Amino acid sequence: MKTLITFIIVFSVIVIIHEFGHYFFAKRAGILVREFAIGMGPKIWGHQGKDGTTFTLRALPIGGYVRMAGNGEDEVELTPGMPIGLVLDEKGKVTQINTSSKVQLVNAFPFELAEFDLEDKLFVSGYQNGDESQLVTYDVLHDATIIESDGVEVRIAPRDVQFQSAKLWQRMLTNFAGPMNNFLLAIVLFIVITFIQGGVAITNTNKIGAISENSPAQSAKLKEGDAIQSIDGQKISSWDDLTAAITGSKKSVLNFTVKRENETFTTQVKPEKEEVDGQKVVRIGVQVPMDTSFLGKFTGGIKQAANSSVQLLRALGNLIAKPDINKLGGPVAMFQMSSEAAKQGPLTVMVLMAVISMNLGVMNLLPIPALDGGKIVLNVIEGLRGKPLSQEKEGILTLIGFGFLLLLMVLVTWNDIQRWFF
C-alpha cells in the first residue's frame with residue numbers, strides 16, 4: 001500500500017506541475033482553459049473559477065490534464081436533434097446550455113437543437129418545448145457555459161479565445177511551458193535535497209572532510225581539513241584521485257604526505273576492508289568535504305539538476321545510436337523504483353521525483369507529434385511557411401505520433417513485466 005501511495009504521489013505531482021505550466025501560460029496568452037482536472041475518470045467535484053476555467057477532481061487519483069479551447073482536445077458534443085436545456089438572461093440571451101441528463105436546472109426549458117454556432121456567430125436554433133411548428137433562434141453570450149454529458153460545466157469557446165487565435169510565440173511558449181515546469185520542479189527538488197543533506201560535496205579538492213570514529217584515518221592522526229598531497233608518491237589533487245589511490249592500492253600500509261596549515265608531514269594509514277552489498281571495499285574512514293554555505297547549497301542543487309539532465313541526454317543519445325528496448329522503462333519500472341524509494345525514506349523519494357520530472361521534461365520535448373516537442377516543431381513550421389498546416393494534415397501527424405507512442409508504451413510495459421516478474 002505504501003508503495004502504491006508513493007507511486008501515485010510521485011507521478012501525480014509531476015504531471016500536475018507539468019499541466020499547470022500549460023494552464024498558466026495559456027491564460028497569459030488569452031487562451032481559454034476550459035478544464036483543469038486533477039485525477040482521471042468520472043468527475044466527483046467541480047468548481048468554475050472567475051477566469052472561466054473549471055477545476056475538477058476526478059475519481060482516479062493519478063495524474064491530471066488541462067483542456068485548452070481549440071486545440072482538438074476539448075470538443076463538446078452537440079448534434080442537430082439533440083435535446084438540451086437552455087437558460088436565458090433578462091435580455092433573452094443564452095447563459096447556460098445543459099446537455100446532461102445528470103443535471104437538472106430549475107430555470108431551464110427544454111429545447112430540441114436544430115442548428116448552432118458557438119465559435120463565430122454565437123447562436124442556437126431549434127424547437128422550444130416540443131413545438132416543432134416554429135424554429136426559434138437565440139443569441140448565446142460570449143461567456144456562456146455548457147454542461148457536458150458527465151455533468152462538468154465549462155465555458156463555450158468562441159474563436160477569439162481558442163488556441164489558434166493566440167500569437168505564434170504565445171502558442172510556442174504555452175507548448176514549452178509543461179516541460180519547462182518539469183525542469184523547474186527538478187531544480188527546486190535538487191536544491192531542497194541539497195539543503196536537507198546539509199551541503200554539497202566538494203570533489204575538486206585534495207582536502208578531506210569529517211573523520212569517522214575509531215577509523216584508520218583517526219588512528220593515523222588525520223584531521224578534517226587536512227590536504228592530502230600524495231599517497232605512496234602518487235600526487236593527489238582531487239577527491240577522485242584520493243579514492244582511486246586508496247582503492248587501487250594492494251598495500252596493507254599507505255604512506256600519506258599531508259599538509260596541515262603551514263606544516264607538511266607524513267603518516268602511515270592502514271586501510272580496512274569490509275563487505276558492502278556483497279562487494280569488498282577499502283576504506284580509511286574519511287568523508288568528502290562539504291560546502292555548507294547557503295550559496296554553496298543553492299548552486300550545488302542547480303549543478304545536480306544540470307548533471308542529471310546531461311546524463312539523461314547522454315543516455316538518450318546512446319539509445320538513438322544503439323536502440324534497445326531494455327534501456328527504457330515504463331509504468332511498471334516506475335512502480336518498482338517507487339517501491340525501492342519508499343523503503344529508503346522521504347529523501348530518496350524526492351530524488352526519484354526530481355529525476356523522473358527531469359526525464360519527463362526532456363522526453364516531452366522530443367520532436368514526436370502528440371508530444372509537446374512535436375507541437376513546437378509544428379509551430380516552427382508554421383513560422384517558416386507563414387501559415388499553419390491544415391487541420392487534416394496536423395491531425396494525421398498527431399495520430400501517427402500517438403500510435404507510435406502507444407505501441408512503444410505497450411512494448412515497454414510488456415518488457416518491464418517480463419523483466420521484473422518473470
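Note that the structure is predicted; figures quoted are calculated from it, not measured.

Caption draft 1: Up close: the nonpolar core. Val 10, Ile 14, Leu 189 and Met 358 are the most contacted members of the largest nonpolar core, which has 22 residues in total. Elements represented by at least two residues in this core include exactly α1 (2-28), α2 (168-197), α5 (294-321) and α7 (346-364). Beyond its immediate stretch of four places on either side in the chain, Met 358 contacts Asn 182, Phe 183, Ala 186, Ala 305, Ser 308, Ser 309 and Leu 312. Within the second largest apolar cluster, 20 residues are counted, among which are Phe 109, Val 124, Val 136 and Val 152.

Caption draft 2: Broad picture of the pattern of salt bridges. For the coordinates displayed, the defined rule picks out 11 salt bridges. Put simply, Glu 119 and Arg 159 hold a salt bridge, and the shortest N to O gap is 3.0 Å. In this pair, Glu 119 sits in the loop between β5 (109-117) and β6 (123-128) while Arg 159 sits in the loop between β8 (153-155) and α2, placing the two residues 40 residues apart along the sequence. Since its relative accessible area comes to 38%, Arg 159 is described here as partly exposed. With a closest N to O distance of 2.9 Å, Asp 143 and Arg 155 form a salt bridge. With a gap of 12 residues between them, Asp 143 in strand β7 (residues 136-147) and Arg 155 in strand β8 connect regions that are remote in the sequence. Accessibility expressed as a relative area gives 12% for Arg 155, which makes it buried. Overlapping salt bridges bring together Glu 35, Arg 58, Arg 67, Glu 148 and Asp 150 as one network.

Caption draft 3: Spatial organisation of the packing of aromatic side chains. Enumeration over the complete set of coordinates arrives at 10 aromatic pairs. Aromatic pair Phe 109 and Tyr 138: ring centres 5.9 Å apart, planes at 55°, arrangement tilted. You can see Phe 109 sitting in strand β5 and its partner Tyr 138 sitting in strand β7, a full 29 residues away along the chain. Phe 109 gets classed as buried once you look at its relative accessible area, which sits at 16%. Under the relative-accessibility criterion, Tyr 138 is labelled buried at 13%. Among the aromatic residues, those joined into a cluster by ring pairs are Phe 20, Tyr 23, Phe 24, Phe 25, Phe 36 and Phe 55. The ring of Phe 24 carries Arg 28 above its face, with NZ or CZ at 4.1 Å from the centroid.

Caption draft 4: How the structure looks around the environment of Asn 255. Looking at the secondary structure, you find Asn 255 in strand β12 (residues 254-260). Residue Asn 255 is classed as partly exposed on the basis of its relative accessible area of 38%. Among residues more than four places away in sequence, those in contact with Asn 255 are Ser 230, Ile 231, Asp 232, Thr 267 and Gln 268. A polar side-chain atom of Asn 255 sits 3.2 Å from a polar atom in the side chain of Gln 268.

Caption draft 5: Region of interest: the pairing of strand β10 (residues 227-231). Burial within β10 is extensive, with 4 of its 5 residues counted as buried. In this structure, β10 lies alongside β12, joined through 4 bridges in antiparallel fashion. What sits directly across from Ile 228, in β12, is Val 258. Examined bridge by bridge, β10 and strand β11 (residues 234-235) share 2 bridges and lie antiparallel to one another.

Caption draft 6: Region of the structure containing the UniProt feature "transmembrane region" (unreviewed entry) in the chain. According to UniProt, the positions carrying the feature "transmembrane region" (unreviewed entry) are residues 6-25, 182-202, 347-366 and 395-414. Within the segment residues 6-25, helix and strand shares are 100% and 0% respectively, and the terminal C-alpha atoms sit 29 Å apart. The distance from the first to the last C-alpha atom of residues 182-202 is 27 Å, and the span holds 76% helix and 10% strand.

Caption draft 7: Region of interest: α7. Helix length check: α7, at 19 residues, gives a terminal C-alpha distance of 27 Å against a target of 27 Å (1.5 Å per residue), a fit within 8%. For α7, the complete set of buried residues consists of Val 349, Met 350, Leu 352, Met 353, Ala 354, Ile 356, Ser 357, Met 358, Gly 361, Val 362 and Asn 364.

Caption draft 8: View of the packing of α2 against α7. Orientation of α2 relative to α7, taken along the N-to-C sense of each, is 155°, at an axis distance of 8 Å. Overall, the two elements α2 and α7 adopt an arrangement that is roughly antiparallel. Crossing of α2 against α7: the hand is left-handed. Contacts between α2 and α7 pair Pro 179, Asn 182, Phe 183, Leu 185, Ala 186, Leu 189, Phe 190, Val 192, Ile 193, Ile 196 and Gln 197 from the former with Leu 347, Met 350, Val 351, Met 353, Ala 354, Val 355, Ser 357, Met 358, Leu 360, Gly 361, Val 362 and Asn 364 from the latter. Among the residues forming the contact of α2 with α7, the class breakdown is 18 nonpolar, 5 polar and no charged.

Caption draft 9: Just the side chain of Asn 379, in detail. Residue position: Asn 379 is located in helix α8 (residues 372-385). When residues no more than four places from it in sequence are discounted, the contact partners of Asn 379 are Leu 168, Arg 171, Met 172 and Asn 175.

Caption draft 10: Layout of the sheet that holds β12. Strand order in the open sheet formed by 4 strands is β11-β10-β12-β13, with antiparallel pairing between adjacent strands. With one partner strand each, in any of the chains shown, β11 and β13 (263-269) form the two edges of the open sheet.

Procedures and definitions
Residues numbered from 1 in each chain as written. Predicted model: local features only at pLDDT ≥ 70, side-chain atom pairs only at ≥ 80, totals over all residues. Heavy atoms only, no water. Core = buried A, V, L, I, M, F, W, Y, C linked by side-chain atoms within 4.5 Å. Buried < 20%, exposed > 50% of the residue type's maximum accessible area, 1.4 Å probe, protein only. Helix = DSSP H or I, 4+ residues; strand = E, 2+ residues; numbered from the N terminus. Contact = heavy atoms within 4.5 Å. Salt bridge = Lys/Arg side-chain N within 4 Å of Asp/Glu carboxyl O. Phe/Tyr/Trp six-rings, centres within 6.5 Å; stacked < 30°, edge-to-face > 60°. Lys NZ or Arg CZ within 6 Å of the ring centre and 35° of its normal. Polar contact = N/O pair within 3.5 Å; in protein donor to acceptor, adjacent residues only side chain to side chain. Pairing = 2+ DSSP bridges. UniProt positions renumbered as here; feature names shortened; annotations may be inferred. Expected span 1.5 Å × (residues − 1). Axes fitted to C-alpha atoms, helices over the stretch in contact; angles between N-to-C directions. Parallel < 35°, antiparallel > 145°, perpendicular 65-115°, else oblique. Left-handed = near helix turned anticlockwise from the far one by under 90°. Nonpolar A, V, L, I, M, F, W, Y, C, P; charged D, E, K, R; others polar.

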